[in-house]
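Residue-level structure breakdown
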Amino acid sequence: MIDAPDIQVTDLRQRYGDHEAVAGISFEVRAGELYALLGTNGAGKTTTLETLEGHRRAHSGTVRVLGHDPYQQRAAVRPRMGIMLQEGGFFGDLTVAETVTHWRGFTPAPRPAAQVLDLVGLAEQAGVRTRQLSGGQKRRLDLALALLGRPAVLFLDEPTTGMDPEARHATWKVVRDLVADGTTVLLTTHYLEEAEHLADRLAIMHRGRIQVTGTVAEVLAGHGDRISFRVPDRVPVAELPALAGNVADIAVEGGRAVATYTVPDTGLQAGLYALLRWADEHGLALEGLQARSASLEDVFLRTAEGVGR
Ligand SMILES: Nc1ncnc2c1ncn2[C@@H]1O[C@H](COP(=O)(O)OP(=O)(O)OP(=O)(O)O)[C@@H](O)[C@H]1O
Ligand SMILES: [Mg+2]
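Model, not experiment: these values are computed from the prediction. (Residues numbered from 1 in each chain as written. Chains lettered and ligands numbered in written order. Predicted model: local features only at pLDDT ≥ 70, side-chain atom pairs only at ≥ 80, totals over all residues. Heavy atoms only, no water.)

Gly42, Lys45, Thr46, Thr47 and His190 are the nearest of the 14 residues found near ligand 1. Between Lys45 and ligand 1, the recorded distance is 2.7 Å, taken from a side-chain N or O atom to an oxygen atom. Here Thr46 contributes a side-chain N or O atom positioned 2.8 Å from an oxygen atom of ligand 1. A total of 640 Å² of accessible area belongs to ligand 1 in isolation, and the protein chains cover 63% of it. Those elements that place two or more of their residues in the shell around ligand 1 are strand 2 (19-29) and helix 1 (45-52). Residue composition of the shell around ligand 1, grouped by class: 3 nonpolar, 9 polar and 2 charged. (Near = heavy atom within 4 Å. Polar contact = N/O pair within 3.5 Å; in protein donor to acceptor, adjacent residues only side chain to side chain. Areas by Shrake-Rupley, 256 points an atom, 1.4 Å probe, with all protein chains shown as cover. Helix = DSSP H or I, 4+ residues; strand = E, 2+ residues; numbered from the N terminus. Nonpolar A, V, L, I, M, F, W, Y, C, P; charged D, E, K, R; others polar.)

Bringing the domain arrangement of the protein chain into the picture now. What the domain assignment reports for the protein chain is domain 1 (7-220) and domain 2 (225-293). Look at where the C-alpha atoms of domain 1 and domain 2 centre, and you get two points 42 Å apart. (Domains from an automatic or database assignment.)

Take the nonpolar core next. In this structure, Leu38, Leu141, Leu147, Leu156, Leu202, Ile204 and Leu296 are the most contacted members of the largest nonpolar core, which totals 40 residues. In contact with Leu156, not counting residues within four places along its chain, are Leu49, Met84, Leu143, Val175, Val185, Leu186, Leu187 and Thr188. Residues Ala43, Leu52, Leu66 and Met205 belong to the second largest nonpolar core, which totals 23 residues. (Core = buried A, V, L, I, M, F, W, Y, C linked by side-chain atoms within 4.5 Å. Buried < 20%, exposed > 50% of the residue type's maximum accessible area, 1.4 Å probe, protein only. Contact = heavy atoms within 4.5 Å.)

Right, let's talk about unusual backbone geometry for a bit. Phi at Arg150 is positive, roughly 45°, even though this residue is not glycine. Structurally, the position occupied by Arg150 is in the loop between helix 5 (135-147) and strand 6 (153-157). Here Arg207, not a glycine, exhibits a phi torsion of approximately 50°, which is positive. Positionally, Arg207 belongs in the loop between strand 8 (201-206) and strand 9 (209-214).

The next point concerns the coordination of the magnesium ion (ligand 2). Each angle at a metal carrying four tetrahedral donors should ideally be 109.5 degrees, and each at a metal carrying six octahedral donors should ideally be 90 or 180 degrees. The coordination sphere of the magnesium ion (ligand 2), as far as protein atoms go, consists of Thr46 (OG1) and Gln86 (OE1), spread over 2.0 to 2.1 Å. Taken together, the positions of Thr46 in helix 1 and Gln86 in the loop between strand 5 (81-84) and helix 3 (96-104) put the pair 40 residues apart, joining distant regions of the chain. You can call Gln86 partly exposed: its relative accessible area is 33%. (Donors = N, O, S within 2.8 Å, 3.2 Å for Na, K, Ca; no water.)

Take the sheet that holds strand 3 (residues 34-39) next. Within the open sheet, the 6 strands sit side by side as 5-6-7-3-8-9. Their pairing is mixed. Every other strand in the sheet has two partners, leaving strand 5 and strand 9 as the edge strands with one partner each. Going across the sheet, the axis of each strand differs from the next one's by a mean of 15°, ignoring polarity. Contacting strand 5 and strand 6, helix 5 runs over the sheet at an angle of about 165° to strand 5. (Pairing = 2+ DSSP bridges. Axes fitted to C-alpha atoms, helices over the stretch in contact; angles between N-to-C directions.)

With the rule as written, the count across this model stands at 13 salt bridges. Put simply, Arg201 and Glu33 hold a salt bridge, and the shortest N to O gap is 2.7 Å. With Arg201 in strand 8 and Glu33 in the loop between strand 2 and strand 3, this residue pair connects regions lying 168 residues apart in the sequence. When its relative accessible area of 17% is taken as the criterion, Arg201 is described as buried. Where Asp93 meets Arg131, a salt bridge forms, and the shortest distance between an N and an O atom there is 2.6 Å. Separated by 38 residues along the polypeptide, Asp93 in the loop between strand 5 and helix 3 and Arg131 in the loop between helix 4 (113-119) and helix 5 bring together distant segments of the chain. Look at Arg131 and you get exposed, because its relative accessible area is 53%. Look at the salt bridges and you will find they share partners, linking Arg230, Asp233, Arg256 and Glu287 into a network. (Salt bridge = Lys/Arg side-chain N within 4 Å of Asp/Glu carboxyl O.)

This is how it looks when you write it as structure tokens:
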């Protein structure tokens, strides 16, 4: 028998008054998998997480975590979840170590305080009052608290917001190690690079709906490749060639016009060949010439524009 997924969401809807914040989404996260929810501000990611964490009853549809309804059967499942809210809150007068000790009191079989602080890189701040922590350090403390109970399922709502690049990479390593140890993770982020690094599968949400889902490769497939270069000064934009039947999008970057073509995945080589021949015939040097596959950012922006696939 195939094990039931650790997280299962089926046609979930959530409303705030008249506003439908989550408009019928379905997805599942298998044991030991990391699933990333991406999406525009207000897309419904936090609302979805709060429902799975048992903080909100589903308006309609069903959610299951480790086979339980997290709202109705909270006591059964809450001890096995680790939760990092989008906005945590601490008692500002307590030190970092006191905060962890306080939380250990509510956590069955907690990790040692020193171990979690070491894990998130806060050992040196153990004696600092939480109100004196920087934004990124507060996120690390939030993560430490989420990890205290060695959760089977971890919910991380924008875990690395406000972290410097080094802290972000360190956090990615912590999360990757947890996943390697079998922890199931549902994470939201606005850092697309984070999803590319960590996610086994991801979904992009917009206005309460999942617009696209799959592995990174599946999400990128069909979105074409990109060819771009700075438009030479003496070339009017109207005289740029079409490549594989596609005209250029023009953007201004650093005061210079940059042409970007989206060509079908199979058209990159032919498009490049046509472009180089055109440049050669006109005696032009193409500065900043790049050829690349579509990025998650390209797909995200298209989704946010409502273009979809
Ligand atoms: N407590 C609330 N009361 C009323 N409306 C809310 C409440 N919380 C969220 N909303 C609305 O529901 C929608 C979804 O919000 P949600 O916080 O789930 O989005 P999100 O995808 O997490 O966004 P962000 O990326 O900005 O964190 C938004 O339109 C938001 O204004
Ligand atoms: Mg949110």
